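Now for the letters of each chain:
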Amino acid sequence: MSGPGTGFDEVADGVWVHHQARLDCEVFTAGRGTIVNAHARVFGSEVRLGRECWLDEHATIGGGSAHDPGAFLRAGDWLHLGNYSQVNIARGVVCGDEVGLGIGTRVFTHGAYLSEWDGFPVAFEGVQIGSRVWLPNAQVNPGVRIGDDVVVAAGSVVTRDVPTGVLAAGTPAAVVRPLSPGSRQPAEHRRRVLATLATEIEARAGTPVDADPVAGRLTVAGATFDLDDRTVAGEVTTASETARNQLRRRGIRFRYEPVDGGYRPWA
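Below is a short write-up of the structure. Since this is a predicted model, take the numbers as computed values, not measurements.

Quick look at the pattern of salt bridges now. Tallied over the entire structure, the rule returns 17 salt bridges. Residue Asp-24 is joined to Arg-22 by a salt bridge in which the shortest nitrogen-to-oxygen separation is 3.5 Å. The salt bridge partner of Arg-51 is Glu-257, with a shortest N-O separation of 2.9 Å. Linking Arg-51 in the loop between strand S5 (41-49) and strand S6 (54-55) with Glu-257 in strand S28 (residues 256-259), this pair joins segments that are 206 residues apart in sequence. What makes Glu-257 buried here is its relative accessible area of 10%. Taken together, the shared-partner salt bridges in this structure form one network comprising Arg-32, Arg-51, Glu-257 and Arg-264.

Given below as structure tokens:
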């Protein structure tokens, strides 16, 4: 690890850690584009992050017993930890791709304070979180398994497993209704979303945007974003990068990066 400096310190190719962040891991790996912001803390036996992960200020990976032999975090691409969120890794935590932990969200793998010998409840158990999961200001207790394509409402406490493809809410969290992401949405939904995206991108990029809701495509300054296939083709410009970032802010992410003036799939 590099020492204190100005702004960000480079840890590996395309991975940046602010000089006011704390890294204290026996094993730490991170994919290209990962950023660890000021005052974030990452400590424990093993922390492995995918590409383009974002650890906001005061986010924590670690917690009590984080240096135990069975302590680890293995996360896919686009892990997001909001301000003051925490992933306790006393026992193993596994996350898929596109897992967002909003401001103040907590994931616990242990709960212990009073004597287990005397009959008080003590829990040490890992947590599994699938891909495309959004947990805004929620709590996940030890031993929970969360499926893919799940949203947990703000303020919820997840004490038992959550199946794939649902909205869950409450204390304790329970399934509210099914979600059907990935399926072809109604034409009116596509028109509304494309129109909103085009308006936002035009305002930010200062250039016209061609929106095709039938094909599910946006074309900005010679670059075409296919929202169904999640592909990007064309020239890299300031406007196209503004569009790519705005799509990301709406949860629409592409495994593409600028290379030699064009867009190329991630290696």
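The next point concerns unusual backbone geometry. The linkage connecting Thr-171 with the following residue, Pro-172, adopts the cis geometry, with an omega of 0°. Here Pro-172 lies in the loop between strand S22 (166-169) and strand S23 (174-178). Despite not being glycine, Glu-52 has its phi angle at roughly 50°, a positive value. By secondary structure assignment, the location of Glu-52 is in the loop between S5 and S6. A positive phi angle is found at Arg-132, which is not glycine, with a value near 60°. Take Arg-132: it is sitting in the loop between strand S16 (127-129) and strand S17 (133-135).

Conventions adopted
- Residues numbered from 1 in each chain as written.
- Predicted model: local features only at pLDDT ≥ 70, side-chain atom pairs only at ≥ 80, totals over all residues.
- Heavy atoms only, no water.
- Salt bridge = Lys/Arg side-chain N within 4 Å of Asp/Glu carboxyl O.
- Helix = DSSP H or I, 4+ residues; strand = E, 2+ residues; numbered from the N terminus.
- Buried < 20%, exposed > 50% of the residue type's maximum accessible area, 1.4 Å probe, protein only.

Fair warning: the whole summary comes from geometry, so function is off the table for now.
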